[in-house]
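Tertiary structure, described
Below, each chain spelled out in residue letters.
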Amino acid sequence: MCWDQITIKRYSMHRSLLLLIMLIYSSGDALSQNSLSLYSATHYGFIFPHSQEVQNTTGARPFGIEAGVMYTDTSDAVYNTCNCFTGQGMNVTYFDFDRDFLGRSFGVNYFFEPAFRIDGRLQFKIRGTLGAIYLTNPYDPVSNPSNQSYSTHASFFLGLSS
């Protein structure tokens, strides 16, 4: 999906709406704690029709849900390697774009997220993401000429955020 054609203002009602489970693993070092966590989030926004070709998306209110798992490694070995703790995981997403001609999307991605400690309670995190999306209703000149936002069922992406 071409995100420069559909801009979704992402509202996260709760960054972690529901923390389902937190497992803490202990290695030989008592100061070392690794964790596995499951999370979910909801997203709500609007589509900004930035050109005449996509004016038919005016008023659309996309809604999405996300669920994922993250493993955080806080071992001394990792910290001594990069002066950070690392997290990595996968998540799945579902979005309904609020217009039949736009359809829905199903996505899956892998992420890697090092966390650098700045102060005793302050961290800086940066997340790299690699993923794929399946879109249900792409542009077709005969069956769906209204969708000027994306033209294939599958899309792949790379992301970087902090």
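This section reports on the structure supplied with the text. (Residues numbered from 1 in each chain as written. Predicted model: local features only at pLDDT ≥ 70, side-chain atom pairs only at ≥ 80, totals over all residues. Heavy atoms only, no water.)

1. Topic: the pairing of strand 4 (residues 63-73)
Looking at chain direction, strand 3 (residues 33-44) and strand 4 are connected through ten bridges and run antiparallel. Note that in strand 4 the partner of Tyr44 across the bridge is Phe63. Pairing of strand 4 with strand 5 (residues 85-96) involves eleven bridges; the strand directions are antiparallel. Looking across to strand 5, one finds that Asp73 is bridged to Thr86. (Pairing = 2+ DSSP bridges. Helix = DSSP H or I, 4+ residues; strand = E, 2+ residues; numbered from the N terminus.)

2. Some remarks on the packing of aromatic side chains
Per the counting criterion, the structure on display carries three aromatic pairs. Centroid distance Tyr79 to Phe85: 5.2 Å. Interplanar angle 35 degrees. Geometry classified as tilted. On the accessibility criterion, Phe85 (22% relative accessible area) is partly exposed. With a centroid separation of 5.2 Å and an interplanar angle of 45 degrees, the aromatic rings of Tyr94 and Phe106 are classed as tilted. Taken together, the residues Tyr94 in strand 5 and Phe106 in strand 6 (residues 104-117) connect sequence positions twelve residues apart. Lying across the ring of Phe111, Arg127 places its NZ or CZ 3.7 Å from the centre. (Phe/Tyr/Trp six-rings, centres within 6.5 Å; stacked < 30°, edge-to-face > 60°. Buried < 20%, exposed > 50% of the residue type's maximum accessible area, 1.4 Å probe, protein only. Lys NZ or Arg CZ within 6 Å of the ring centre and 35° of its normal.)

3. Some remarks on the state of the cysteines
Under the criterion given, the structure shown has one disulfide. There is a disulfide in this structure between Cys82 and Cys84, and the S-S distance comes to 2.2 Å. Taking the sign of the torsion about the S-S bond as the criterion, the disulfide between Cys82 and Cys84, at about -95 degrees, is left-handed. Note on Cys84: relative accessible area 2%, which makes it buried. (Disulfide = S-S within 2.5 Å.)

4. Overview of the nonpolar core
Counting nine residues, the largest nonpolar core consists of Ile47, Ala60, Phe95, Phe97, Phe101, Leu102, Ile133, Leu135 and Tyr150. Leaving out residues up to four positions away in the same chain, Phe95 has contacts with His43, Phe63, Gly64, Arg104 and Ser105. (Core = buried A, V, L, I, M, F, W, Y, C linked by side-chain atoms within 4.5 Å. Contact = heavy atoms within 4.5 Å.)

5. Focus: the pattern of salt bridges
Evaluated as defined, the whole model comprises three salt bridges. Of the charged contacts, one joins Asp98 and Arg99 as a salt bridge, the two residues approaching to 3.4 Å between their closest N and O atoms. Judged by relative accessible area, Arg99 falls into the partly exposed class, the value being 23%. Taking the shortest distance from any N to any O, the salt bridge between Glu113 and Lys125 comes out at 3.9 Å. Note that Glu113 is positioned in strand 6 and Lys125 in strand 7 (residues 123-125), a separation of twelve residues in sequence. (Salt bridge = Lys/Arg side-chain N within 4 Å of Asp/Glu carboxyl O.)

6. What to know about unusual backbone geometry
Unusually for a residue other than glycine, Asn83 sits at a positive phi of about 55 degrees. With respect to the element layout, Asn83 can be found in the loop between helix 1 (76-82) and strand 5. Positive phi, close to 70 degrees, is recorded for Asp98, a residue that is not glycine. Along the chain, Asp98 falls in the loop between strand 5 and strand 6.

Interpretation note: all reported values are geometric properties and have no functional meaning in isolation.
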